[in-house]
Each structure stands twice: as structure tokens, then as C-alpha cells.
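# A look at the structure
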Amino acid sequence: MRYLRALIARIAGMFTRSRADAELAEELASHLAMETEENVRRGMTSAEARRRALLVAGGLTQAAEAVRDRRGLPWLEHLAADLRYAWRTLGRSPVFTAVVMITLALGIGANTAIFSVVRGVLLKPLPNRDGDQLVYLRHSTDTPGGEDINFSVPEVGDFRAGAPAFSGIAEFCPFFATLQGERGATRIQTGLVTGNFFEVMGLSAVLGRLTTSANDGPGVPPVAVLPYDFWIRRFGADSAIVGKTLRVDGNVVTIIGVLQPAPSFPEHVDVWMNMVVSPHHLSAQMVQDRVHRMTEIVGRLKPGVTLDGARAQVLAVDQRMQRDNAAVYDPTQHYRVTVVPYKQAIGQRSSLTLWLLMAAAAFVLVIASANVGNLTLMRGVRREPELVARAALGAGAGRLRRLLLAENLLLAVVGAALGVVLAIFGVRLLTALVARTSPRADEIHIDWMVLGFTFGVAVLLALALSFVASLPREGSFGAWITAGGRRVSGGRGTQRLQRALVVVQVAVSVVLLAGAGLLTRTMIRLSDVATGLSTEQVLTVQAPLKSPTQFLADPNADTEVKQNYELIRGDILALPGVKAVGLGSAMPLTTPTLSLDFDLLVEGYTPPAGAPPAQAEIRTAGPEYFDAAGIPLIRGRGIAVTDAPGAGHVAVVNQTFVAAYFPHEDPIGRQVRLTGPLVKFSPYYADWRTIVGVVGDTRDGGLDAAPRAEIFFPFAQEPAFFGGLVVRTDSNVAALINPVTRILRRVAPDAAIEKIATVTQLRDESLAPRRLNAELISSFSLLALIIAAVGIAGVLAFSVSTRTNEIGIRMSLGADGVMVQRMVLGEGGRLLVLGLLLGIAGAYFTSGLIRGLLFGIPPRDPTTFLSVATMMGAIGLLACWIPALRASRIDPAVTMRSA
Amino acid sequence: MGDKMDVQPGTLALMILRTLEMLGPLHGYGVARRIEEVSRHRLTLNYGTLYPALLKLEQEGFVTHEWRASENNRRAKFYTLTAAGRRQVARAAREWQQTADLIAAFLVPRPEAT
């Protein structure tokens, strides 16, 4: 209490200084007068009396100083004074101050923005309780598209029984459904889960309750748990939502709770429901068939169990499972199960890009700091006389250091504050980028931790900058005076440091530029890739008219759906300008909603020993599908109107299919049929069909993926689980979006329009993440280039200005402008070449790290490296030229006189 | 005049407070004179010691001040003990007494226990 009171009094004391000073002077004077009077009374002369009184007093100034120190908070006042002084000093060199602050703001801003993203998406602990104990089990095979296949219920059972490392294993089946609401039907992604799912995931309800084992099995009422974001987005955070119902695929599902915000992986989920919603998921087929894989699984490790322990158990179960069911696990396909920490699994798709951006930002900060360091060094040399004079007047090394620190703190903190403002905008941009690859984009915030990081960096930088500058040594005042009050020197050490910093800047810029160059060339390569179809005036619509559960429930669904598709097709054809409309199961340039992993028997093709059976992506197509999409017919015919339900079964294949299975023969007239363990429960026609045509390849798996073998069956001959339309028009394709939507809504009001986009949009969408990536890295490297160029020019200009006298003497002895220019250029050129060499070497050894982001060019692409080196060299030389030119214009007469 | 002593840390505040308690409102000169006399001139307080100590006591709320005329009609700053100051004198005096007893117990030579 008494200390607090004293503290408050002292803080107040800082603001009443002048009045208190006057009062103190009066108090001390009256003390002195009383003492003097007393001395006089004792018989001294008045002069002697005053002398003795002063002697006892012990120095009025020192006393006043002691009281003043006691009155306020001296350290705070000194800091404030230092900062005020620093502000004035910096204000006197506005260009220096602005350059430093902007450079730091850019460097710190980029780092703050990207660090917040990295932290939110990759580093921050999951919101799940004990999120470190969560693991994702990934089932993979060697076949195309087999990186992450699901598990079947018997397989899940094996792991539950055989891996005691887990305290729980939860099942989650991603499942498309249609949500019927007042505003029409929407397609939603649902997750069907076992009752223990939320407990295993370590998530709790913000409203209501979550599922338990009581929600498992048949005969229980269907229930739903809403993810937090869907509850906000769709229901406006209705606090009375619990107990209300949803209509999903015709089922009435009761909402029992709202889940806390949490990322969902591997699929985004709009509604969580129990398995009973889909009768198929409780059917004998689902429960007993080992190849019927529709389930994702997450496990929670028991406390104290290590990841390696769990891995060993999972491996043992996997091996036993494959041994006991040899018929199901074809050894050529290399079935395997890996255990991945959940957080890592979630971050996997974003991690390479984000770390690359983080590295680029860190590089920019390194270059920026080097530049600021250089500027500070130069300024330090220019200020040497001032510092020497201060030292001579009694400022100790500590005091001078504190002065420099105050200046640098001011620079760094203001720079950081500007940087945070930049970062706020940057984070918005980056969040949009990251949302494509990570479900944790919602968790990105510039929070206290990030701000702490930013200001920590700023303070460290300020400290470093204050200690690179050399202080005048003891007694250097004399030397300075003898030198005639001129600049003492930059000092050999200082100059060497400056040069080293320039070399580092150039080298780091080259590494960054090389990365940017590689990514940009990747972009160019990708946009040159032909999609395989006409990109002009084609609209695609993905709109399944009924969801899978409705199909399974209603035997007449397929007929009804096909009739409706024909109605829609007819209406769209009647729209003005429309030239062709084709139906199909999946639109070109997109991956099918569900990949059907059938094996194929191809007449005349025997897989080589050890190779998997023939496989192809299965799609359906109606007449005009290829015409409308502009996919060229290479041989034979396309799908015709006559390929109707009763007619003979036919197929059209793409060029990749032909290259894989009929490399040297004519495929027309050959037979293929579906085979493999999945055929027995598929409604697809399972007997032989005849290949009637070959069409061109399309880049359906993305522009950066090689085309896959594809086989098209007639739309009319197979069930229409999935469906959409390709529309070709003769003008303004975007204007078709509204009328097409209206037709769909009229004919099938309950159908969900999954996606409606022109082919150009689809193409741009598949390029967008890489484009943004290339643009970000390019702007970072451009920034680095500019900063580095300023750095080179600055250091050379400084070097020239310290050598003005020398150059003047050289010129008066006969050197001409060209020789002086060559001398300065040579000095800069040496640094430039050294930096270039180091940078190219650095790029050579690090570019392999971004192999995964490249397409069509090797990481050590000589063309890129050469052009990057040329660019850096040219800009660097230009930066050298300016000070060189200035040096050559030095007037010897003027310099000699001023010396 | 005895040997000169330095002011022991922490003792000056109590001496000032006690002086004000004994003599009532007093200016800095008066306080200094009194402490010198009581210490039989073994302590002399220069201004740099006395005035910061007075200011500290004031900041802590143990004394207040007012300006008024001194005995010989000079304007001077008179310090007065507050109620909190009075309590502080009692507390500090008790603590010092205890400390002094303790130290005395250690310093007085005692016959060995029989």
C-alpha cells in the first residue's frame, strides 16, 4: 500500500517538475539562511558563517539532483528523454528514417502475415482435447488414386480388436446428401459417424449434446450434430436449434447439438449424423464385405502410448489381416496402413507451400535487416564526430549505447507497427489461399502470440543494430581533434561488415529469384497445357437429381431421374444460341464425385506378372456430350441416340486407355467388361461390351496431372447416380447461367446444383492456387531485388563519399572520369559477382525442396538460373553505376580545397 | 564532539519521524539540528541526505508539509506527522527495539552455562 502510494506520488511528480523545483530551491535557501544566522549568532563573521553553512550542506546542486531523482522515476524519464532525443535526431534525417522504417515494415509485415498463417494452420495445438493423442489412419495402395482409400467395416473391426494402443477408434463415412429447405434443395457433405466419434475426437458441444453409443445400430432415431460454422452460416446461430429437425434425403433428422469450432478432415462436413440415416451403411454388405471401403478412421492413443508403439501394433494387425484374407489384398497393389498424427495429416496439403512462403518472407527480412544494418553503419560513421564529442563531454559507453538503442528501438518498433498494418491485409489474402488446402483457415488470427513474435523480432533487431555500430574509444577525442575535426574513418572492420552484408543480400535475392522463376515458369508451362476440349463458350453443370440414399431406397428413381434429365436437356436446347447439350456422369476437367474402383477385363490384354489388373476411370456420356464439350473423336463413333437401354452395350475410350491396353492394335470392336470384388454389388452392366470409338484425352485430374485412362458408357444404359450437362453456345456463355439454373429448378426443385461453371472458369480455378503462389513468391523476390539494389548503391555511394579526397587526388594526378568509374564499378562488381556465385550455389542446393510445387521443369533448370543471374547482375550493375557516375564527376579542385 | 558516524541505512526515516513526533511541526533545518544534537554531533546531515528522505516520507504518506513563517519570521517549509506517520513511528520503534535486543543478546558476553 505504502509502496503503491509512493509510486503514484512519483508518477505524479514527473508532471509537476518546475513548480517543485522552485519550491525545493526556496526550501534549501531558507535552510542555508537559518544555518548562516545561527553561525552568526555564535560569533562568526557573516562571510565565515555562510562558508561553514555551505560546507555542512554538502553541495546544493547535488542535493537538488538527489531530491529530483527521488521525486519522479528517473529511469523512465531518461528513457523518455532518450526517445524524445532519438525522435528529433531521426527527424533531422527524414530520408534515412523513411527508408529504414519502410524497409522494416515490409520485412516484418510479410513475416507477421505468414507466421500467423503458419501458426494457425500448422503449429497451433488442435482445439480437440489432447489433440496430440489423435491419429489418422491412412489406407493406401499403389494403383492410381490409391493414396488414401477408405477402410471397410471388417477392417475397422480388426484394428479395434488387435491394437490395444488405442483408447478408441471412431468411424466417419463422408456421404453426399441433399438438404431440403425453404430456399430449395442444397447439396451438402455429411459425415455419418459412430456414436463414439466425438468422444474419440475430444470435442464437446456448445449447445445440446453429442452422439453416444446409444445412437449406433439400426432401429434408433436419426440424429444430427451441426458443425459450428454450418450452424452460424445456415441457421444464423439459432440458440433454440436443439430439438428442431432437418430434412435430409427425405429423412427427418432431429438436431441434438452444435459442435464446438473444429477442423474437419479429410472432408469438409456440413452435418454430422448417425449411421441409421443411410440404411446402406447398416446393410449386411456394408458390415460384412471386406472390400466395401467407405469409412475413414481416427484413433485416440491411450495416455503414455507412443506413436511408434501404435505403429508397430497397426502394422502387425495389417499383416495378419492380409495373410488371413489373401484373396482380398492383391499383393501387386501393396495395401498398407500408415499412422499419421492428426494435426500433421490436416496440415499436409498446405505445409510445403506455407513453409516455402515462410522461408521467402524470412529471406526478405534478412535482406531488409542487412540493408538497415548497412544504413545504420553508414550513419554511425557520419555521426562519429557527434559521438566523440558526447564521449568527451562525459557520456560513458553505456550512455551512448543507450542513446543508439533508443533510436533503433524507435525505428524498429514504428517499422513493426507499420508492418502489422500491412500484415492485417496480407493475412486476409493468405487466408483465402490457405482455405483451399486446409480446414484450419478459420483459426488464422493475428493474436497476442503473433504480435509478441513481431515485436520480439523488432526488439532483437534494434539490439543487434545498436551493437554493430562501433563507439568512439576512450581518448579518441584527442585523435579526432588532431585529425582536424574531420571524419576519423569508417574503420576497416565496419567496411568489411558492410561488404559482407551486401554479398549476403545479393546471394539471398538470387535464391529467392530462382524460386520465383521456377514457380513462374511452372505457371507458364501449366497454362500452355491443352485441356483437351474447347475452352470457349462451354458451360458445365454438375447437378445430381437425387442423392445416393434416395436411389437405394426407390427402385423407380433411375427412370424418373433420366426422364427429368431429358426434359432439362430439351429445355436448354431450346434456349437461344445453344448449339449442343450433352448429359454425363461427371463434367470434363473435374474428378468424379465418387471414383468407382472396378477392375477391367480387356480382351487381348494380360497384365504383366506383378502388375495390377487393368483399371480406368468410369464415366457415362450421352449423345452430343463429346460434341458439346469439344472433345475430338479420334476413331470410330461417339455415343449415339441408338445406344439405348435395350440396345447392345458399347463403350468409348480415351487415347490414354488405348495407349495403355492396345498400344499397337485397333481398339474398335474389342471387348471389355467390369470385374473385381466390387462388381457383385454394383448396378452397372457387368458383361462384355464393345468398344465403338476413341476420343481425345482431357485433363480431368488437373492440368498438372497426366491424363488417366478413361472409359465412357452410354448415359442411358447405366444408372444416373451422378449427372450433369455440358452446354455449348455460340455466344456469351456466362449469360446462360441464369436461364439454365431456372430450368433445373423448375424441373427438379429438390435437386442440388453442385457446380455451374464455364470451362474457362474450371481451368482458371485449377490454376488459381499455383498462380497465387507464384505471384506471392515473385513479389517477395522483387521486393528483395529492390532492397538489395538500394543496398549496393548505398554502400558504394558511401564508399565513394569517404574516398572523395583520394579520388580528387587521383584525378588531379591525371585519372579521368572513365578510370574512376571503372574503379568504383570494379569495387561493386566484385561484391556482385561473389553474391551471384553464392546465390546460384544456394539455389542449386535448395531448389530441390520445392520439387513438389513444380510442373514441367526440373528444380535445377539452367534456363531459370541463367536468367535470374542475368537479371540480378544487370540490376546490380545499374545500382553500381549511379555512385560510379557521381564519383567520376568529382571536381578535384573542390575536394582538395575542402580538405 | 564525539566520533563522526555515517547514517545507518533505514535509520534516518525513523529519526526524522520520531523528531517530528517529539517536537511537532518542524522545518528541515530544525530536523537536522535536532538529529545532530540527539546524536551528540556524531551525525551531520547534508542536504542531499535529508531532503530526499523527507520527500520519500511525504510520498509514503507519513508526513505532510505547509509553508509558514519560522520563529524569526522567515518563510519555511514545516513538516507535520500524519496519523499514518504516528502509527509508523510506533511500529518502526518496536521493530528496532526487537532488533536491538536481539543484537545485544548476541553481543553481551555471557558466562558459560553450568
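Report on the accompanying structure. In this text the structure is predicted, and so the values were computed from the model without any measurement.

All names here are of chain A. Between helix 12 (residues 342-382) and helix 14 (residues 397-434), the least distance of the axes is 14 Å, while the angle of their chain directions is 160 degrees. Here helix 12 is positioned roughly antiparallel relative to helix 14, judged by the angle of their axes. Read as a crossing pair, helix 12 and helix 14 show a hand that is right-handed. Mapping the contact onto sequence places Leu354, Leu357, Thr376 and Arg379 in helix 12 and Glu407, Asn408, Leu430, Leu433 and Val434 in helix 14. A per-class count over the contact of helix 12 with helix 14 returns five nonpolar, two polar and two charged.

A few words now on the packing of aromatic side chains. Residue and element names in this part refer to chain A. Per the stated rule, a full pass over the model turns up 20 aromatic pairs over all chains. Measuring from ring centre to ring centre gives 5.6 Å for Tyr565 and Phe715, while their planes differ by 80 degrees; the resulting arrangement is edge-to-face. Within this pair, whereas Tyr565 is found in helix 19 (residues 557-573), its partner Phe715 is found in the loop between strand 20 (710-714) and strand 21 (724-729), the two being separated by 150 residues in sequence. Accessibility assignment for this pair places Tyr565 and Phe715 in one class, buried. Aromatic side chains Phe657 and Tyr661 sit 5.0 Å apart centroid to centroid with 70 degrees between the ring planes, which places their arrangement in the edge-to-face category. Of this pair, Phe657 and Tyr661 both sit in helix 21 (residues 655-661), four residues apart, which is roughly one turn of the helix. For the pair formed by Phe657 and Tyr661, the shared burial category is buried.

Below, the discussion takes up unusual backbone geometry. Of note in this structure, A:His334 is not a glycine but carries a positive phi near 50 degrees. Tracing the backbone through its elements, the reader meets A:His334 in the loop between helix 11 (307-324) and strand 11 (336-341). Notably, B:His41 is not glycine yet its phi reads approximately 60 degrees, a positive angle. For B:His41, the position within the fold is in the loop between helix 2 (28-38) and helix 3 (47-59).

Buried together is how nonpolar side chains tend to be arranged in soluble globular proteins. Counting 73 residues, the largest nonpolar core has A:Ile114, A:Leu357, A:Leu430, A:Val506, A:Phe780, A:Ile792 and A:Met872 as the members making the most contacts within it. When residues of this core are traced back to their parent elements, those giving at least two are helix 6 (94-123), helix 12, helix 14, helix 17 (492-528), helix 23 (759-802), helix 24 (804-812), helix 25 (817-846) and helix 26 (862-888) of chain A. Excluding residues that lie within four positions of it along the chain, A:Val506 makes contacts with A:Ile792, A:Leu832, A:Gly835, A:Leu836 and A:Met872. One finds A:Leu32, B:Leu20, B:Leu81 and B:Val89 within the second-largest nonpolar core, a separate group that totals 30 residues.

On to helix 26 of chain A, then. Relative to the 39 Å expected for 27 residues at 1.5 Å per residue, helix 26 of chain A spans 37 Å between its end C-alpha atoms, a close match to the ideal helical length. The largest bend in helix 26 of chain A is about 25 degrees, located at A:Trp881, with the proline A:Pro883 one to four residues further on.

Across the sheet, which stays open at both edges, the three strands sit in the order 1-3-2 (chain B) with antiparallel pairing between neighbours. A single partner strand is all that each edge strand has here, and the edge strands are strand 1 (26-27) and strand 2 (63-69) of chain B. Sheet topology note: the strand 2 of chain B/strand 3 (residues 75-81) of chain B ladder contains seven bridges and is antiparallel. When the bridges of strand 3 of chain B are listed, B:Arg68 appears paired with B:Ala76. Across the sheet, helix 2 (residues 17-41) of chain A touches strand 1, strand 2 and strand 3 of chain B, and the angle it forms with strand 3 of chain B is around 100 degrees. Against the sheet, helix 1 (residues 11-23) of chain B engages strand 1, strand 2 and strand 3 of chain B, with an angle of about 95 degrees to strand 3 of chain B.

Listed by partner, the interface residues are 27 residues for chain B and 27 residues for chain A. Carbon and sulfur atoms make up 57% of the area that chain B and chain A hide from each other, which totals about 2,600 Å². Between the two partners, chain B and chain A, sit five salt bridges. Between B:Lys77 and A:Glu23 there is a salt bridge; the shortest N-O distance is 3.5 Å.

Glancing now at the environment of A:Gly577. Residue and element names in this part refer to chain A. If you trace the backbone, Gly577 turns up in the loop between helix 19 and strand 13 (578-584). Once the C-alpha coordinates of Gly577 and Gly184 are considered, the two residues, 393 residues apart in sequence, prove to be 28 Å apart. When sequence neighbours within four positions are dropped, the list of residues in contact with Gly577 reads Arg728, Thr729 and Asp730.

Residue and element names in this part refer to chain A. Here strand 12 (residues 538-542) lies mainly inside the structure; five of its five residues are buried. Pairing of strand 12 with strand 21 involves five bridges; the strand directions are antiparallel. Across the sheet, the residue bridging to Thr540 is Val726, located in strand 21. One ladder, built from four bridges, connects strand 12 with strand 22 (residues 755-758); its direction is antiparallel. In the strand pairing of strand 22, Thr540 is matched with Ala757.

Quick notes on the rules
Residues numbered from 1 in each chain as written. Chains lettered and ligands numbered in written order. Predicted model: local features only at pLDDT ≥ 70, side-chain atom pairs only at ≥ 80, totals over all residues. Heavy atoms only, no water. Axes fitted to C-alpha atoms, helices over the stretch in contact; angles between N-to-C directions. Helix = DSSP H or I, 4+ residues; strand = E, 2+ residues; numbered from the N terminus. Parallel < 35°, antiparallel > 145°, perpendicular 65-115°, else oblique. Left-handed = near helix turned anticlockwise from the far one by under 90°. Contact = heavy atoms within 4.5 Å. Nonpolar A, V, L, I, M, F, W, Y, C, P; charged D, E, K, R; others polar. Phe/Tyr/Trp six-rings, centres within 6.5 Å; stacked < 30°, edge-to-face > 60°. Buried < 20%, exposed > 50% of the residue type's maximum accessible area, 1.4 Å probe, protein only. Core = buried A, V, L, I, M, F, W, Y, C linked by side-chain atoms within 4.5 Å. Expected span 1.5 Å × (residues − 1). Bend = angle between axes of the 7 residues up to and from the residue. Pairing = 2+ DSSP bridges. Buried area = accessible area lost by both parts, 1.4 Å probe. Salt bridge = Lys/Arg side-chain N within 4 Å of Asp/Glu carboxyl O.

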